[in-house]
Amino acid sequence: LKNFAQDEESHKDFSDKADDYTKAYYGELEVRSKAAGWTSRQHPPLVHQIVQTLEASLIDPHPVWSVKPRPRIADPEEIFRLQQGAKANEILLGQQADCDHLGEKQVLHAKQTLITGLSVYKTFWNYAEHIRKSKAVVQKEVLDGQDNLIGYTPQLDDVARTETKADDNSAEVIDVRDFIWHESAISIQKAKRVTHRVLYTMEDLRALEKIGVYKNVSQLTDTDNTAPDATYREQGLFKADRMKDKVEVLEQWRRTDDGIRVTAVGNRSVLLRDGPNPFWHGEFPFVVCQAVPDLFRITGISV
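All values derive from a computational prediction rather than experimental measurement.

Each value, and the rule that gives it
Residues numbered from 1 in each chain as written. Predicted model: local features only at pLDDT ≥ 70, side-chain atom pairs only at ≥ 80, totals over all residues. Heavy atoms only, no water. Pairing = 2+ DSSP bridges. Helix = DSSP H or I, 4+ residues; strand = E, 2+ residues; numbered from the N terminus. Axes fitted to C-alpha atoms, helices over the stretch in contact; angles between N-to-C directions. Parallel < 35°, antiparallel > 145°, perpendicular 65-115°, else oblique. Contact = heavy atoms within 4.5 Å. Nonpolar A, V, L, I, M, F, W, Y, C, P; charged D, E, K, R; others polar. Phe/Tyr/Trp six-rings, centres within 6.5 Å; stacked < 30°, edge-to-face > 60°. Buried < 20%, exposed > 50% of the residue type's maximum accessible area, 1.4 Å probe, protein only. Salt bridge = Lys/Arg side-chain N within 4 Å of Asp/Glu carboxyl O. Expected span 1.5 Å × (residues − 1). Polar contact = N/O pair within 3.5 Å; in protein donor to acceptor, adjacent residues only side chain to side chain.

(A) Highlighting the pairing of strand β7 (residues 270-276). Relative to β7, strand β6 (residues 259-266) is paired through 6 bridges, and the arrangement is antiparallel. Bridge pairing in β7 links Gly 266 to Val 270. Following β6, the chain reverses through 3 residues before pairing antiparallel with β7; Asn 267 in that reversal takes a positive phi of roughly 50 degrees.

(B) Expanded view of unusual backbone geometry. Even without glycine at this site, Asn 216 takes up a positive phi of about 60 degrees. Within the fold, Asn 216 resides in the loop between α5 (202-210) and α6 (232-238).

(C) Structural detail: the packing of helix α1 (residues 2-25) against helix α4 (residues 102-116). Here α1 crosses α4 at 105 degrees, and the two axes come no closer than 8 Å. By the criterion of interaxial angle, the relationship of α1 to α4 is roughly perpendicular. Between α1 and α4, the residues in contact are Phe 14, Ala 18, Tyr 21, Thr 22 and Tyr 25 and Lys 111, Ile 115 and Thr 116, respectively. Partitioned by chemical class, the residues of the contact of α1 with α4 number 5 nonpolar, 2 polar and 1 charged.

(D) Geometry of the packing of aromatic side chains. Overall, the coordinates contain 7 aromatic pairs when judged by the stated rule. Judged by centre distance (6.0 Å) and plane angle (40 degrees), the rings of Phe 179 and Trp 181 are tilted. Each member of the pair, Phe 179 together with Trp 181, is buried. Between the aromatic rings of Trp 253 and Phe 286, the centroid separation amounts to 6.3 Å while the plane-to-plane angle is 90 degrees, which identifies the pairing as edge-to-face. One end of the pair, Trp 253, is in strand β5 (residues 247-256); the other, Phe 286, is in strand β8 (residues 286-289), and 33 residues separate them in sequence. The burial state of Trp 253 is the same as that of Phe 286; both residues are buried. Among the aromatic residues, those joined into a ring-pair cluster are Phe 14, Phe 179, Trp 181, Trp 253, Phe 279 and Phe 286.

(E) Looking closely at the pattern of salt bridges. A complete count under the given rule lists 23 salt bridges for this structure. One salt bridge in this structure joins Asp 13 and Lys 17, with 3.6 Å as the shortest N-O distance. Separated by 4 residues within a single helix, Asp 13 and Lys 17 lie in helix α1, roughly one turn from each other. Residue Lys 17 is classed as partly exposed on the basis of its relative accessible area, which comes to 40%. Lys 122 is the salt-bridge partner of Glu 251, the closest N and O atoms lying 2.5 Å from each other.

(F) Main features of the sheet that holds β7. The strand order β3-β4-β5-β6-β7 describes an open sheet built from 5 strands, whose pairing is antiparallel. Edge strands, defined here as strands with exactly one partner in the open sheet, are β3 (179-181) and β7. Neighbour-to-neighbour, the strand axes of this sheet turn through a mean angle of 20 degrees, independent of strand direction. Here strand β4 (residues 193-200) runs beside β5; their pairing, made up of 8 bridges, is antiparallel. By the bridge assignment for β5, Val 194 is matched with Trp 253. Along the sheet, α1 contacts β3, β4 and β5; its crossing angle with β3, the most-contacted strand, is approximately 110 degrees. The strands touched by α5 within the sheet are β4, β5 and β7, with β4 carrying the most contacts at an inclination of about 115 degrees.

(G) Molecular detail of helix α3 (residues 76-99). For α3, spanning 24 residues, the distance from its first C-alpha to its last is 35 Å, which sits close to the expected 34 Å at 1.5 Å a residue. In this fold, the buried residues of α3 make contact with α4 and β2 (149-174). Taking the backbone nitrogen of Glu 77 as reference, a side-chain oxygen 3.1 Å away marks Asp 75 as the first, capping residue of α3. Where α3 terminates, the next one or two residues include His 101, which has phi positive at roughly 55 degrees.

(H) α4, seen in detail. The end-to-end C-alpha distance of α4 is 21 Å, a good match for the 21 Å that 15 residues give at a rise of 1.5 Å each. With respect to burial, α4 is a largely interior element, 11 of its 15 residues being buried. Residues of α4 that are buried: Leu 102, Lys 105, Gln 106, His 109, Ala 110, Lys 111, Gln 112, Thr 113, Leu 114, Ile 115 and Thr 116. Along its buried surface, α4 packs onto α1, α2 (46-58), α3, β1 (119-143), β2 and β8. Within two residues after α4, Gly 117 carries a phi angle of roughly 95 degrees, on the positive side.

The values are spatial; any link to function lies outside them.
What follows is the structure, encoded as structure tokens:
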């Protein structure tokens, strides 16, 4: 929490600018601005038109990858095997991008970086199961008048079974206001630590506790959300509170002598998680992008 407080202080300036840029994108007329006193109250959202035009040139409606093996000297059979492996990887990436709806997510990704100068993907493995019901022939017991089993008879009935719904790598676009990095970092690869503010309902947290991601969730019922500034934009534009009925979880990824460690704190008072990096790659699970990069800064330049 002490580390987060230090990082949040420098991040607040970027977050405030991101809110101002977003209001300009929506063409929001500030009450305190000079334009509010003009005779003409027309204020067309020019930034909106610029962003939408640039966004269309940045994204691909059907993202695909061309995968090739790294050049090397080898016998023809080995080269053929590598080529086949690259082709299989290309097909797999295309299928996973389709399953993850990456074509839809990249729209948010491009829009955010054009408006704020920065956008962030969080990568993770998406695994989910669901109960599927289907008709099947089952053997039903046949009893006599004394409730004694005398045999079985086939009967069509509903059968429920657990099936895997998703089992692929995934990514989601996160709000840059909720991604806080160490103030001296010039890149995500050289950052000492990063913190991701995640908003969960209590039902979400109980489900995550049940599968072993979090602990001490019941202690959160006696705490309050303590991040009112994080809803400034929504209050001004839509009269909405994005943290209503949500629990703020600060998920901090920090470098230690033994590698990256992840610690999660709910409502800045309850320890929900503290352990080593769960990913085999041993790095932060974040991808940082800028449409217009700046010099030696994680943030880019806003359009």
